[in-house]
Amino acid sequence: MRAEEFATFAETRRERALRVAYRLLSGDAATAEDVVQNAFFRAHRALAGFRGESSLDTWFYRILVREVQRQRRWQGLRRLFADPEEAERMPDPVLRRRIARALGRLSAGQREAFVLVHLEQFSVAEAADVSGKAVGTVKSHLHRALVALRSELGDLRGPTQNGDGSEKEEDAR
């Protein structure tokens, strides 16, 4: 792939890559920008080694997910030395914070599976390819993520209608 072709590839995938990184990083837009830029840089450098065993998209999103994982490891170290009050000063709507906290409480594997499948609409097989995990592992992470999110955010679900028109609380399936 020539430089012009890679530039076109990167431009057409940039917005989705930003969404994926943003969601995997629990809503940190600036960090998502950095991660996406690093992922495209790493992909460009590794392009000669692309063997075509998967689609170019799958290959790139695997690089992106690994870059997010790398970023999370560094964030963990940075938190040890960070000012805990700084996070409280950042303006954020209450609901968004609550959802971000719920996503943040998921394990990294659960969050990756949930974001890739439910928010970015990758198939389970594609999510497995992107994350470098077995399909069964992704399904397991996805199931556990959904159970945890339903438990934590279940009160956000509104009442539904019974057959007779009266309202009932929707059960968490």
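Each remark here, short or long, concerns the structure printed above.
Rules behind the numbers
For every chain, the first residue of its written sequence is number 1, and the numbers climb from 1 along that sequence. Local features in this predicted model are restricted to residues whose pLDDT is 70 or higher, and side-chain atom pairs enter the listing and the counts only when it is 80 or higher, whereas totals over whole chains, interfaces and linings include all residues. In computing side-chain values, all of the structure's heavy atoms are included and hydrogens and water are not. Think of a 1 Å grid over the protein atoms and nothing else: a 1.4 Å probe that fits but is trapped marks a cavity, an open set flanked by protein within 12 Å on at least five of seven lines marks a pocket, and residues with an atom within 4 Å of a point count as lining. Grid points are joined across faces, edges and corners, and a volume is the space filled by probe spheres set on the points. What counts as a helix is a DSSP run of H or I of at least four residues, what counts as a strand is a run of E of at least two, and both are numbered from the N terminus. The residue classification treats Ala, Val, Leu, Ile, Met, Phe, Trp, Tyr, Cys and Pro as nonpolar and Asp, Glu, Lys and Arg as charged. All others, Gly included, are polar. Multiplying 1.5 Å by the residue count of a helix minus one yields the expected span of that helix. Burial classes follow relative accessibility: with a 1.4 Å probe on protein chains only, a residue under 20% of its type's maximum area counts as buried, one over 50% as exposed, and anything between as partly exposed. The contact rule is simple, with two residues in contact once any of their heavy atoms fall within 4.5 Å. Criterion for a salt bridge: a side-chain nitrogen of Lys or Arg within 4 Å of a carboxyl oxygen of Asp or Glu. Angular values range over 0 to 180 degrees, each being the angle between N-to-C directions of two axes fitted as lines to C-alpha atoms, with helices fitted over their stretch in contact. Note on terminology: angles under 35 degrees are roughly parallel, angles over 145 are roughly antiparallel, angles of 65 to 115 are roughly perpendicular, and the others are oblique.

Peer 1: Residues and numbers for empty space enclosed by the protein, please.
Peer 2: Overall, the coordinates contain one cavity of 30 Å³ or more when judged by the stated rule. Lining the largest cavity are Gly109, Glu112, Ala113, Leu116, Ala127, Ser131, Lys133, Val138 and His141. A per-element tally of the lining of the largest cavity places helix α6 (residues 108–119) first, with four residues. For the lining of the largest cavity, a count of residues per class yields four nonpolar, three polar and two charged.

Peer 1: Give me the lowdown on α6, citing residues and values where you can.
Peer 2: Between its terminal C-alpha atoms α6 stretches 15 Å, which fits the 16 Å expected from twelve residues at 1.5 Å a residue. Among the twelve residues in α6, nine count as buried, and that is most of the element. Listed as buried for α6 are Gly109, Gln110, Arg111, Glu112, Ala113, Phe114, Val115, Leu116 and Val117. Residue Gln121 follows α6 closely and has a positive phi angle near 60°.

Peer 1: Let's hear about helix α2 (residues 29–46): which residues, and what values?
Peer 2: Over its 18 residues, α2 extends 25 Å from the first C-alpha to the last, a length consistent with the 26 Å expected when each residue adds 1.5 Å. Thr31, Ala32, Val35, Val36, Ala39, Phe40 and Ala43 are the residues of α2 that are buried.

Peer 1: An account of the layout of surface pockets is requested, with residue identities and associated values reported.
Peer 2: Roughly 240 Å³ of internal volume is contained in the second largest pocket. Lining of the second largest pocket is provided by Ala46, Gly49, Phe50, Arg51, Gly52, Glu53, Ser54, Trp59, Arg62, Ile63 and Arg66. For the lining of the second largest pocket, the class distribution of residues is four nonpolar, three polar and four charged.

Peer 1: How would you sum up the environment of Phe40? Please name residues and give values.
Peer 2: Within the secondary structure layout, Phe40 lies in helix α2. Those residues in contact with Phe40 that sit more than four places away from it in its chain are Phe6, Phe9, Ala10, Arg13, Arg14, Ala17 and Phe60.

Peer 1: Can you tell me about the pattern of salt bridges, naming the residues and giving the values?
Peer 2: Summed over the entire model, instances satisfying the criterion amount to twelve salt bridges. As a salt-bridge pair, Glu33 and Arg14 come within 2.9 Å of each other at their nearest N and O atoms. In this pair, Glu33 is assigned in helix α2 and Arg14 in helix α1 (residues 3–24), connecting sequence segments 19 residues apart. Given the relative accessible area of 35%, Glu33 is considered partly exposed. Measuring nitrogen to oxygen at the nearest pair gives 2.8 Å for the salt bridge that ties Arg23 to Glu120. Remark: Glu120 occurs in the loop between α6 and α7 (124–131) and Arg23 occurs in helix α1; sequence separation between them is 97 residues. Accessibility expressed as a relative area gives 3% for Glu120, which makes it buried.

Peer 1: Outline the packing of α6 against helix α8 (residues 135–153), supporting the account with residue identities and numerical values.
Peer 2: Here α6 crosses α8 at 90°, and the two axes come no closer than 8 Å. By the angle between their axes, α6 is roughly perpendicular relative to α8. Along the contact surface, α6 presents Gly109, Gln110, Ala113, Phe114, Val117 and His118, while α8 presents Val138, His141, Leu142, Arg144, Ala145, Leu146 and Leu149. Along the lines of polarity and charge, the residues of the contact of α6 with α8 split into eight nonpolar, four polar and one charged.

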